[in-house]
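Now for the letters of each chain:
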Amino acid sequence: MNMTRRVGSLVAVGDSLSEGVGDPYRGGTLRGWIHYLTTEPVRRPDDIAEPAPEPALVANLARSGATVATLRGDQLERAVALTPAYITCVIGVNDVIAGRFDIARFEEDYAHVLAELSAAATVGVLTMTLHDVAAALPVPRAKRAELRRRTAEANEVIERVSRRHGAWMIDARAAARADRAGIVCVDRLHPNRRGHRYLAALAGDVLRARGGAVPGPGTALPDADPLRERIASGARHTLWVARHLVRPLAGALFTARRAGRVRASAPPADRRY
């Protein structure tokens, strides 16, 4: 049987949250909530007559830094081609925290993405609203207010478009506060292992109920990891950030500065008015 077409197959698209950033494993590989959703044992409540099939991961196409526009350009075609049973689409944080946020363009891209994914998934699409991104970030009050305004606008789009296409939605606003529940990692932006397992529990509740219920604070937080494992996980995450984010950024800054010096030493270009 072609695994990409078998019942229960799952494809993930999105940004660093679905890629698994914040939950690095030994050797630098990422796990995250998609990993736990598709590998941990499934609870099957007695009151669900026809539970949804267990999700089995086919491809995790999510990548750090993705926006709705880059998801549309880089991930969408590959996800649609796999025609899985489930597709998870969690996106929007990078749009909200960008220097410029165009809500009309965001809605256009998000609506296009969800229409294509909904047509491709044979069972259903799972989406998620954005959590309070500003809550855990050390930003000035005015910036925090701006981030919350953008987040609210993005969430209105996510809710409206998800309803239009019959997508199942996790409401992150009803979940545990990331900045108070001990579920974020040292960068204060991504979930730690406990946070990723919590997201997997939320997603699992939605999939098992075939979209019949949206989980909220009733879903229990997993137990905290032992202190030694939390320290080791934090250290692995710091190394991952240094290798994948800090070094490329430093290299880009060095290249830009060097190019600026070259331009400054070159003869002035012929100006035309």
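Further up the page is the structure itself.
The following refers to the structure shown. (Residues numbered from 1 in each chain as written. Predicted model: local features only at pLDDT ≥ 70, side-chain atom pairs only at ≥ 80, totals over all residues. Heavy atoms only, no water.)

What to know about the overall build of the protein
Rule in force here: In this description a helix means any DSSP run of H or I spanning at least four residues, a strand means any run of E spanning at least two, and both kinds are numbered starting from the N terminus. The cut-offs for exposure are 20% and 50% of the maximum accessible area for each residue type, with area from a 1.4 Å probe on protein chains only; residues under the lower value are buried, those over the upper are exposed, and the others partly exposed. By the convention used here, residues are in contact when the closest approach between their heavy atoms is within 4.5 Å. Using a 1.4 Å probe, the Shrake-Rupley method yields the accessible areas, and only the shown protein chains count as cover for residues.
Scanning the protein from N- to C-terminus turns up nine helices and five strands. Traced from its N-terminal end to its C-terminal end, the protein shows the element sequence β-α-α-β-α-α-β-α-α-β-α-β-α-α. Here the protein holds 273 residues, and 43% of them are scored as buried. The long-range fraction of contacts in the protein, counting pairs at least 24 apart against all pairs at least 6 apart in sequence, stands at 77%. For the protein, the exposed area adds up to about 14,600 Å²; of that, 55% sits on carbon and sulfur atoms.

Some points on the sheet that holds strand S2 (residues 56-60)
Our working rule: Here a strand pair is declared whenever DSSP counts at least two bridges between the two strands. Every axis corresponds to a line fitted to the C-alpha atoms, with the helix fit spanning only the stretch in contact, and the corresponding angles, defined between N-to-C directions, vary from 0 to 180 degrees.
Sheet architecture is open: five strands sit in the order S2-S1-S3-S4-S5, paired in parallel fashion. Single-partner strands in this sheet number two, and they are S2 and strand S5 (168-170). Averaged over all pairs of adjacent strands, the angle between strand axes in this sheet comes to 25°, irrespective of strand direction. Bridge count between strand S4 (residues 124-128) and S5: three bridges; the pairing is parallel. Paired with threonine 127 across the bridge in S5 is methionine 169. Running at roughly 155° to S5, helix H8 (residues 193-208) makes contact with strand S1 (9-14), strand S3 (86-90), S4 and S5 of the sheet.

Observations regarding the pairing of S3
Counting buried positions along S3 gives five out of five residues, so the element sits mostly inside the fold. Side-chain alternation along S3 places Tyr86, Thr88 and Val90 on one buried face and Ile87 and Cys89 on a second face that is also buried.

Describing H8
Our working definition: By this rule, a helix spans an expected 1.5 Å times one less than how many residues it contains. Any pair of N or O atoms that falls within 3.5 Å is considered a polar contact. Within protein, one atom must be able to donate a hydrogen and the other to accept it, and sequence-neighbouring residues count only if both atoms are side-chain atoms.
In this model H8 runs 22 Å from its N-terminal to its C-terminal C-alpha over 16 residues, within 8% of the 22 Å that 1.5 Å per residue would give. Most of H8 is tucked away: 13 of the 16 residues are buried. Between the side-chain oxygen of the N-cap and the backbone nitrogen of arginine 194 there are 3.2 Å, and the N-cap of H8 in question is asparagine 192.

Some words on the packing of helix H6 (residues 103-120) against helix H7 (residues 141-164)
A pair of packed helices is characterised by two quantities: the angle between their axes and the separation of those axes. Condition: Here roughly perpendicular refers to angles of 65 to 115 degrees, roughly parallel to angles under 35, roughly antiparallel to angles over 145, and oblique to all remaining angles. In a left-handed crossing the near helix is turned counterclockwise from the far helix by less than a right angle, and in a right-handed crossing that turn is clockwise. Under the scheme applied, nonpolar residues are Ala, Val, Leu, Ile, Met, Phe, Trp, Tyr, Cys and Pro; charged residues are Asp, Glu, Lys and Arg; polar residues are all the others, including Gly.
Between H6 and H7, whose axes approach to 10 Å, the crossing angle comes to 30°. Between H6 and H7, the angle is such that the two are roughly parallel. Considering the relative orientation of H6 and H7, their crossing is right-handed. Contacts between H6 and H7 involve Ile103, Phe106, Glu107, Tyr110, Ala111 and Leu114 from the former and Glu153, Ala154, Val157, Ile158, Arg160, Val161, Ser162 and Arg164 from the latter. Residue classes in the contact of H6 with H7 are distributed as nine nonpolar, one polar and four charged.

Things to note about the nonpolar core
Rules: Here the nonpolar core consists of buried residues drawn from Ala, Val, Leu, Ile, Met, Phe, Trp, Tyr and Cys, with membership extended through side-chain atoms lying within 4.5 Å.
Among the nonpolar cores identified, the biggest contains 35 residues, and Val13, Tyr110 and Leu117 are the most heavily contacted of them. Among the elements of the structure, S1, helix H3 (68-74), helix H4 (76-82), S3, helix H5 (93-97), H6 and H7 are those that each provide at least two residues to this core. Counting residues per element, this core draws most heavily on H6, which supplies seven residues.

A closer look at the environment of glycine 73
Relative to the elements of secondary structure, glycine 73 occurs in helix H3. Here glycine 73 falls in the exposed class, since its relative accessible area comes to 59%. Taking C-alpha positions, glycine 73 is 9.6 Å from valine 113, a pair spaced 40 residues apart along the chain.

Things to note about H6
Here H6 spans 26 Å end to end across 18 residues, near enough to the 26 Å set by a 1.5 Å rise per residue. Those residues of H6 lying buried are Phe106, Asp109, Tyr110, Ala111, Val113, Leu114, Leu117 and Ala120. You can read the cap of H6 off the contacts: a side-chain oxygen lies 3.1 Å from the backbone nitrogen of alanine 104, and it is on aspartate 102.

Considerations on the environment of arginine 148
Position of arginine 148 relative to the elements: it lies in helix H7. In this structure the C-alpha to C-alpha distance between arginine 148 and aspartate 132, which are 16 residues apart in sequence, comes to 6.8 Å.

Any functional reading would require information that these geometric values do not contain.
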